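Architecture at a glance
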Amino acid sequence: DYLEPPVVVQPPTVQPPTGPQDSDSDGIPDQVEGMTDSDGDGVPDYLDIDSDNDGLLDSYESAGDLTNPVDTDGDGWADYIDVDSDNDGLTDVQEAGGSDADGDGIVDGFNDADANGHDDSTAVNPLANPDSDGDGISDYLDLDSDNDGLPDVWETAGLAFDSNGDGIVDDLTDSNGDGLADNLLANVLIDIDGDGVANQLDLDSDGDGALDLLEAGGDDINGDGLVDAWTDSDGDGIVDAVDVDVTGGNDEDGDGIDDFADADFLFADDSDGDGIIDMFDPDFLGRGFVPFTVAGEAQVPGVELPDIDGDGVSDVLEPNDMVPQAALPGNELVHTGLAGRGCVASAVGSGAGIDPLLPVIGLLAAASVIYRRRRVH
């Protein structure tokens with residue numbers, strides 16, 4: 001008998017729907033997201049409501065731009081598929097308040113029982129997504145999350161990874177395509193003084209009582225630890241330099257911005273769309289970073305932070321650097337009392353190089369001698 005060969009039926013190629021459909025209702029059209037599975041969780045992006053598994057929903061990270069989702073750091077990866085959206089070396093998970101112990105940019109313990117691409121635990125308890133310095137820019141997009149003029153990458157990975165001081169990791173080579181710079185194997189949050197506040201959020205990272213900005217040699221006229229350009233004395237979200245409540249100028253539209261700097265009245269660039277023209281906006285790119293100044297002048301890129309004792313650790317990260325070791329013969333300086341390493345009481349600005357306990361010790365010694373003489377007589 002003649003037997004016909006079996007007919008092999010090829011399954012149809014699955015294609016995302018065409019047109020303006022949005023299968024996962026994340027606000028990004030299916031045609032934009034496509035069939036790619038960016039985070040490798042088995043759910044294609046057009047069905048995945050968190051396409052990079054960083055715990056932040058695509059609908060939020062797209063910033064409302066449906067056809068051209070925002071790419072904050074301009075690296076070619078839209079924020080909704082970028083695990084380090086500002087290229088500061090810290091993953092979005094870490095900066096948004098999630099757990100990412102291995103620094104891979106994916107929420108630890110990821111589990112997705114309902115197959116929607118979003119971690120089930122995070123769905124119940126969303127990430128805090130803080131704006132620690134209150135400048136209107138979430139930490140995961142903010143290059144200087146505490147506004148002390150020291151970029152986050154300096155306060156975590158170190159100056160070597162951002163030699164030009166622009167707040168972005170210098171070498172962004174990503175040969176494995178995981179969205180992270182190859183030279184940062186697993187950047188972690190550092191809390192050098194153990195006070196529960198990570199360095200990039202701590203205005204006194206080493207807990208010595210001296211503000212990081214001052215220890216870096218920067219200007220801080222009002223002594224608040226923030227770059228002076230960020231000063232907002234009435235807390236209304238508008239810096240004093242253009243705040244009509246401070247300048248006393250005109251404000252025709254009542255938006256709080258003095259008209260001389262108001263984009264509503266001037267034909268001038270407003271790159272970040274905050275209503276303040278670039279000419280008068282200290283952070284005109286909206287990256288949350290204004291470098292500190294030294295004696296009123298902008299810092300020179302590549303200059304090392306002060307290290308008064310010459311031990312290779314900047315004063316910002318080392319408590320109570322009072323006396324340069326190189327200034328003493330044989331480096332025989334012994335730190336005692338309040339000037340000893342690890343003490344949080346600071347004598348910065350008064351009697352530099354003199355341990356404040358020495359006068360007390362001298363008085364006690366003198367009193368002891370007088371007491372003994374009186375007993376002898």
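The following refers to the structure shown.

1. Details of the overall build of the chain
Regarding its fold elements, the chain presents eight helices and two strands. For the chain, the share of sequence-separated contacts (at least 6 apart) that also reach a separation of at least 24 residues comes to 43%.

2. Some points on the environment of A241
With respect to the helices and strands, A241 occurs in the loop between α6 (212–215) and α7 (244–247). On a C-alpha basis, the gap between A241 and W230 in space is 8.9 Å, while along the polypeptide they are eleven residues apart. Setting aside chain neighbours within four positions, we find A241 in contact with T247 and F260.

3. Description of the side chain of E33
Residue position: E33 is located in helix α1 (residues 30–33). In this structure E33 is buried but unpaired, with R287 as the nearest side chain of opposite charge at 22 Å. When neighbours within four sequence positions are excluded, E33 is seen to be in contact with D22, D24, D26, I28, D45, Y46, D48, S51, D58 and Y80.

4. A short note on unusual backbone geometry
Phi at N87 takes a positive value of approximately 55°, unusual for a residue other than glycine. For N87, a relative accessible area of 5% puts it in the buried group. Here the phi dihedral of A295 falls at roughly 55°; this positive angle occurs in a residue that is not glycine.

5. As for the packing of aromatic side chains
Two aromatic rings, taken as a pair, are described by how far apart their centres are and by the angle between their planes. Under the counting rule described, the total for this entry stands at two aromatic pairs. Judged by centre distance (4.9 Å) and plane angle (90°), the ring pair of F260 and F280 falls under edge-to-face. In this pair, F260 is assigned in the loop between α7 and β1 (293–294) and F280 in the loop between α7 and β1, connecting sequence segments 20 residues apart.

6. Considerations on the environment of G136
Take G136: it is sitting in the loop between α4 (120–124) and α5 (152–156). Given the relative accessible area of 67%, G136 is considered exposed.

7. Examining the environment of I221
You can see I221 is positioned in the loop between α6 and α7. C-alpha of I221 to C-alpha of T231: the two residues are ten residues apart in sequence and 9.9 Å apart in space.

The rules we used
Residues numbered from 1 in each chain as written. Predicted model: local features only at pLDDT ≥ 70, side-chain atom pairs only at ≥ 80, totals over all residues. Heavy atoms only, no water. Helix = DSSP H or I, 4+ residues; strand = E, 2+ residues; numbered from the N terminus. Contact = heavy atoms within 4.5 Å. Buried < 20%, exposed > 50% of the residue type's maximum accessible area, 1.4 Å probe, protein only. Lys, Arg positive; Asp, Glu negative; His and termini not counted. Salt bridge = Lys/Arg side-chain N within 4 Å of Asp/Glu carboxyl O. Phe/Tyr/Trp six-rings, centres within 6.5 Å; stacked < 30°, edge-to-face > 60°.

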